[in-house]
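Each chain, letter by letter, is given below.
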Amino acid sequence: MILYQYITEALFFAFILLVFFGGLLAVRTRILMHAVLGLAVSLLGVAGLYFYLGSPFLAMMQILIYVGAVCIMIVFGIMVGYTPSQVQREGITGKNTFLAMLSSILVFLLLLVALSRTIWVPSASRIGDFTLPYLGESLLYQYCLAFELISVVLLAAIVGAIVLARGKKGEHF
Amino acid sequence: MYLSGNLNTYLVVALFLLILGLYGMIQHRTFIGMLISTELILNGAGLNFMAFNRFLAPNPAVGQIFTLFIMGIAAAEAAIGVSVILAVYRRYQTSDPEKVDDLHG
């Protein structure tokens, strides 16, 4: 194994650690802002894994959409829906911690057993490649309808969000 | 055997994201916490699609397109979620999911 491969593997391991500890911070902390920070760190780690999966474009989109837009939106949600004391105190009340841990460990074991018993068979032949022009071409020819539909869904969601958040006429928040 | 060239590595990481989201979804008592857990689960799904796309799929564009669509759906879901939190806060003057129980029998 050459030196640069060691470095690549070490970086890969670092990205996995980012995903793990970011996710743990996101679900275990008492402070809501720290939970959003953990989510952002975890999503950055997933973006790093996308690089290793041969798609730098998806990694950039992950950073742009998730870390850039969704996390900021959640911070706005904390800003408008919570008083400062709630931001500090709410998070875990410990009522369901045992049940949550039990169910998630059971699901984890179930899926791990299923994973270890499955033999994956790669497809015999591959068409196309990982390049961006091919991706854009199939987005505009083969998957054109889905592409247009997701645009409509996004538009409807944004208009609906504005309508929901604005409330009745003359009512002030 | 390299860790980054193995399908199972990615699947285990995605599985970890899924169970973290599940855990947070059951245990958190805030709307924001549930929203964050949903994002984690959606990311686990996206990572799974990308991993299968890289190692098994016959056409490597399909997984990337699917992951892009998941991102779009997640963005729409976050926008709707935040405005629902705002509407609930305005109506009930609370952001505790336990207290929003008009339909509770």
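Residues numbered from 1 in each chain as written. Chains lettered and ligands numbered in written order. Predicted model: local features only at pLDDT ≥ 70, side-chain atom pairs only at ≥ 80, totals over all residues.

Draft legend 1. Focus on the overall build of chain A. Counting its secondary structure elements, chain A contains seven helices and zero strands. From first element to last, N terminus to C terminus, chain A shows the α and β order α-α-α-α-α-α-α. Split into buried and exposed, the 173 residues of chain A put 22% on the buried side. Long-range contacts, defined here as pairs at least 24 residues apart, represent 49% of the contacts in chain A between residues at least 6 apart. (Helix = DSSP H or I, 4+ residues; strand = E, 2+ residues; numbered from the N terminus. Buried ≥ 20, exposed ≤ 12 C-beta atoms within 10 Å, placed from the backbone. Contact = placed C-beta atoms within 7 Å.)

Draft legend 2. How the structure looks around the overall build of chain B. A count of helical and extended segments in chain B gives three helices and zero strands. Secondary structure elements in chain B, listed N-terminal to C-terminal, are α-α-α. Computed over C-alpha atoms, the radius of gyration of chain B comes to 18 Å, more than 25% over the 13 Å expected from 2.2 N^0.38 for 105 residues, which places it beyond the range of a compact globule. In chain B, which comprises 105 residues, the proportion classed as buried is 55%. Considering only residue pairs separated by 6 or more positions, chain B has 48% of its internal contacts joining residues 24 or more positions apart. (Rg over C-alpha atoms; globule rule 2.2 N^0.38 Å.)

Draft legend 3. Broad picture of helix 5 (residues 97–117) of chain A. For helix 5 of chain A, spanning 21 residues, the distance from its first C-alpha to its last is 30 Å, which sits close to the expected 30 Å at 1.5 Å a residue. Counting buried positions along helix 5 of chain A yields one of 21 residues, so the element is predominantly exposed. (Expected span 1.5 Å × (residues − 1).)

Draft legend 4. Quick look at the environment of Val-41 of chain A. Residue and element names in this part refer to chain A. Among the structural elements, Val-41 can be located in helix 2 (residues 32–52). According to the C-beta neighbour criterion, Val-41 is partly exposed, with 18 such atoms within 10 Å. Measuring from C-alpha to C-alpha, the distance between Val-41 and Tyr-141 comes to 35 Å, with 100 residues separating the pair along the chain. With residues near it in sequence (within four places) discarded, Val-41 still touches Leu-18, Gly-22 and Leu-25.

Draft legend 5. Representation of the packing of helix 5 of chain A against helix 1 (residues 7–27) of chain B. At their nearest, the axes of helix 5 of chain A and helix 1 of chain B sit 9 Å apart, and the two run at 160° to each other. Regarding the angle of helix 5 of chain A to helix 1 of chain B, the classification is roughly antiparallel. Note on packing geometry: the crossing formed by helix 5 of chain A with helix 1 of chain B is right-handed. Here helix 5 of chain A contributes Thr-97, Leu-99, Ala-100, Met-101, Ser-103, Ser-104, Val-107, Phe-108, Leu-111, Leu-112 and Leu-115 of chain A to the contact with helix 1 of chain B, which in turn contributes Asn-8, Leu-11, Leu-15, Ile-19, Leu-22, Tyr-23, Ile-26 and Gln-27 of chain B. Looking at side-chain class alone, the contact of helix 5 of chain A with helix 1 of chain B contains 14 nonpolar, five polar and no charged residues. (Axes fitted to C-alpha atoms, helices over the stretch in contact; angles between N-to-C directions. Parallel < 35°, antiparallel > 145°, perpendicular 65-115°, else oblique. Left-handed = near helix turned anticlockwise from the far one by under 90°. Nonpolar A, V, L, I, M, F, W, Y, C, P; charged D, E, K, R; others polar.)

Draft legend 6. Geometry of the confidence of the model for chain B. The predicted model of chain B has a mean per-residue pLDDT of 87, with 98% of residues at 70 or higher. Of the two predicted TM-score estimates for the complex, the pTM is 0.88 and the ipTM is 0.90. (pLDDT = per-residue confidence, 0-100.)

Draft legend 7. Highlighting the interface of chain A and chain B. With 81 residues of chain A at the contact, the number on the chain B side is 61 residues. Taken together, the elements giving at least two residues each to the side of chain A that touches chain B come down to helix 1 (3–28), helix 2, helix 3 (56–81), helix 5, helix 6 (132–140) and helix 7 (144–166) of chain A. A breakdown of the residues in the side of chain A that touches chain B according to their chemical character gives 57 nonpolar, 20 polar and four charged.

Draft legend 8. Main features of the environment of Ser-42 of chain A. Along the polypeptide, Ser-42 of chain A turns up in helix 2. C-beta crowding within 10 Å serves as the criterion here: with 29 such atoms nearby, Ser-42 of chain A is assigned to the buried category. Separated by 25 residues in the primary sequence, Ser-42 of chain A and Val-67 of chain A place their C-alpha atoms 9.3 Å from one another. For Ser-42 of chain A, the contacting residues outside a window of four places in its chain are Leu-18, Val-19, Gly-22, Gly-23 and Ala-26 of chain A together with Leu-40 of chain B.

Draft legend 9. Quick look at the packing of helix 7 of chain A against helix 3 (residues 60–92) of chain B. As a packed pair, helix 7 of chain A and helix 3 of chain B sit with axes 8 Å apart at the nearest point and diverge in direction by 10°. Between helix 7 of chain A and helix 3 of chain B, the crossing angle belongs to the class labelled roughly parallel. Where helix 7 of chain A approaches helix 3 of chain B, its residues Ala-146, Ile-150, Val-153, Leu-154, Ala-157, Ile-158, Gly-160, Ala-161, Leu-164 and Ala-165 of chain A are matched on the opposing element by Phe-69, Gly-72, Ala-75, Ala-76, Ala-79, Ile-80, Ser-83, Val-84, Leu-86 and Ala-87 of chain B. Residue composition of the contact of helix 7 of chain A with helix 3 of chain B, by class: 17 nonpolar, three polar and no charged.

Draft legend 10. Broad picture of the environment of Val-70 of chain A. With respect to the helices and strands, Val-70 of chain A occurs in helix 3. Each residue touching Val-70 of chain A, except ones within four places of it in the same chain, is listed here: Ile-65 of chain A together with Glu-39, Ala-74, Ala-75 and Ala-78 of chain B.

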